[in-house]
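# A look at the structure
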Amino acid sequence: MRIDWFLFLSAGVLAGLGLLAIWSVDLAQDPENFLNFKKQLIFVGVGIVVALCGAIFDYRALRSMSRALYVLGAILLVAVVIFGVTIRGTRGWFQIGGFTLQPVEFAKILLIVALAKYLSVKAHVIDFKVLSGVGILLGVYVGLVMRQPDFGSALVLIAIAAGMLILTRVPRRYIVIGIVVAVIIATLGWSFFLQDYQKARLISVVNPESDPFGRGYNIRQSVIAVGAGGMFGRGLGEGSQSQLRFLPEAQTDFIFAVLAEQLGFFIVVVILAAYGVILWRLVAISKQVSDGFALFCIAGFFMIIVVQMVFNIGMNVGVLP
């Protein structure tokens, strides 16, 4: 069993900081039970076990299972639309006892495996037929996710596919066509597919003061929290925004703002450094592999981390919806 300790420890730092932040939120919101903290502690434990098992698992077995895994992902996305519970306007979670699971998080990984298998075979000649195949694999998942609707996760899926395609040296004409199609889809999406609350989120980024106590409220409170932290923060378990419940969804969407307020700019640097180490190790590992399937898988995981990091931090500092 080979373990990349830089990679493992960096992920551990991020998990540990997440636990600290959730503990501090529960200290103010659920001081008797610390339920969210306990749930996250279980998930971290499961994650460590999965990581250790992954270190001894032969990833090449995934290549032969890619089709079945892709179908499994599609089934999960269909099932959650039919049987899932609705949280904050999105029907994207399964309720299992006291836990909620979001199938799209598994679907992201399964899409990577499917695209890695497909592109490792087809990448030597990128033509319209190959790109159409990628579009079909991606489109099924994106369409099902938009049925929830979960616009953010759909964008992550698209970014994953785009990042993996970068490795194939797509001809310039197809890039131009892709940009034109994206603009058309975005225009149609604004007019026919986006819900009113999703449009309001986009507008609130440009002008949060247009609805300061409505759609602009979350962004304003998050920016205040980040700015209030200063260099070294107000102290763990302290901070008006997170402790007095001004900051909405503090234990999930705005976890970065919680850490920034309580532990300051210093911990923001630590977070970004940990992410940087993870991305550095992925690039280093990609240079060591000679297997096209493994290379595309690494590219997909690289994109998941980059896109979700940028989306979440960007939302917390008020530059993204």
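Since the model is a prediction, treat every value here as computed from it, not as a measurement. (Residues numbered from 1 in each chain as written. Predicted model: local features only at pLDDT ≥ 70, side-chain atom pairs only at ≥ 80, totals over all residues. Heavy atoms only, no water.)

### Quick notes on unusual backbone geometry
Rules: Runs of E in the DSSP output that reach at least two residues are strands. Runs of H or I that reach at least four are helices, and both are numbered from the N terminus.
A cis amide bond, omega -10°, links glutamine 148 with the succeeding residue proline 149. Position of proline 149 relative to the elements: it lies in the loop between helix H5 (128-146) and helix H6 (151-166). In this structure, phenylalanine 34 is a non-glycine residue whose phi angle is positive, near 50°. Assignment of secondary structure puts phenylalanine 34 in the loop between helix H1 (5-29) and helix H2 (35-56).

### A word on the environment of valine 71
Within the element layout of this structure, valine 71 appears in helix H3 (residues 60-83). Measuring from C-alpha to C-alpha, the distance between valine 71 and valine 140 comes to 10 Å, with 69 residues separating the pair along the chain.

### Overview of the sheet that holds strand E2 (residues 90-96)
Rules: We call two strands paired when DSSP finds no fewer than two bridges between them. Geometry is summarised by axes, namely lines fitted to C-alpha atoms with helices restricted to the contacting stretch, and by angles between N-to-C directions that run from 0 to 180 degrees. By the convention used here, residues are in contact when the closest approach between their heavy atoms is within 4.5 Å.
One open sheet holds the 3 strands; their spatial order is E1-E2-E3, and the pairing between them is antiparallel. Sheet topology places strand E1 (85-87) and strand E3 (99-101) at the edges, where each strand pairs with a single neighbour. Going from strand to strand, the sheet's axes swing by 55° on average, the running direction of each strand aside. By the bridge criterion, 3 bridges tie E1 to E2 in an arrangement that is antiparallel. Bridging across to E2, valine 85 finds its partner in tryptophan 93. Packing of H3 onto the sheet brings it into contact with E1 and E2, and relative to E2 it is tilted by some 90°.

### Concerning H3
Count 3.6 residues to each turn of an α-helix, and residues three or four apart come out pointing the same way. Quick note on the threshold: Each helix should span, by expectation, one fewer than its residue count multiplied by 1.5 Å. To get the bend at any residue, fit one axis to the seven residues that end at it and another to the seven that begin at it, then take the angle between the two axes.
Across its 24 residues, H3 extends 33 Å between first and last C-alpha, which sits within 8% of the 34 Å expected from 1.5 Å per residue. Bending of H3 peaks at approximately 65° at the position of serine 66. Buried residues in H3 make contact with E2, helix H4 (103-122) and H5.

### Looking at the pairing of E2
If you look at the hairpin formed by E1 and E2, you'll find 2 residues sitting between the two strands, and arginine 88 has a positive phi there, around 50°. Where E2 and E3 come together, 3 bridges link them in antiparallel fashion. Note on E3: the bridge partner recorded for phenylalanine 94 is leucine 101. Linking two consecutive strands that pair antiparallel, namely E2 and E3, is a turn of 2 residues; a positive phi of about 65° is found at glycine 97 within it.

### A short note on H5
What counts is decided by this rule: Relative accessible area decides the class of each residue, using a 1.4 Å probe on protein chains only: under 20% of the type maximum gives buried, over 50% gives exposed, and in between gives partly exposed.
End to end, H5 covers 25 Å across 19 residues, agreeing with the expected 27 Å (1.5 Å per residue, within 8%). Looking at H5, one finds that the buried residues are Val130, Leu131, Gly133, Val134, Leu137, Leu138, Tyr141, Val142, Leu144 and Val145.

### Focus on the environment of alanine 21
Mapped onto the secondary structure, alanine 21 falls in helix H1. Sequence spacing of alanine 21 and serine 242 is 221 residues, and the spatial spacing of their C-alpha atoms is 9.6 Å. The contacts of alanine 21, once residues within four sequence positions are left out, are Ile255, Val258 and Leu259.

### Some words on the packing of aromatic side chains
Short version of the rule: Each Phe, Tyr or Trp ring (for Trp, its six-membered ring) is paired with any other whose centre lies within 6.5 Å, and the angle between the two planes then decides the class: stacked below 30 degrees, edge-to-face above 60, tilted in between. Here, a charge over a ring is recorded when the distance from Lys NZ or Arg CZ to the ring centre is within 6 Å and its angle to the ring normal is within 35 degrees.
Applying the stated rule across the entire model yields 7 aromatic pairs. Taking 5.5 Å as the distance between ring centres and 70° as the angle between the ring planes, the aromatic pair formed by phenylalanine 6 and tryptophan 280 counts as edge-to-face. With phenylalanine 6 in helix H1 and tryptophan 280 in helix H11 (residues 255-286), the pair connects residues that are 274 residues apart, well separated along the chain. Classification of tryptophan 280 by relative accessible area gives partly exposed; the value is 43%. Relative to phenylalanine 99, the ring of phenylalanine 43 has its centre 5.6 Å away and its plane inclined at 85°; by these criteria the two rings are edge-to-face. Of the two residues, phenylalanine 43 sits in helix H2 while phenylalanine 99 sits in strand E3, which places them 56 residues apart along the sequence. Assessed through its relative accessible area of 29%, phenylalanine 99 is described here as partly exposed. Over the ring of phenylalanine 99 we find lysine 39, and its NZ or CZ is 5.9 Å from the ring centre. The ring of tryptophan 280 is capped by arginine 281, whose NZ or CZ atom sits 4.7 Å from the centre of that ring.

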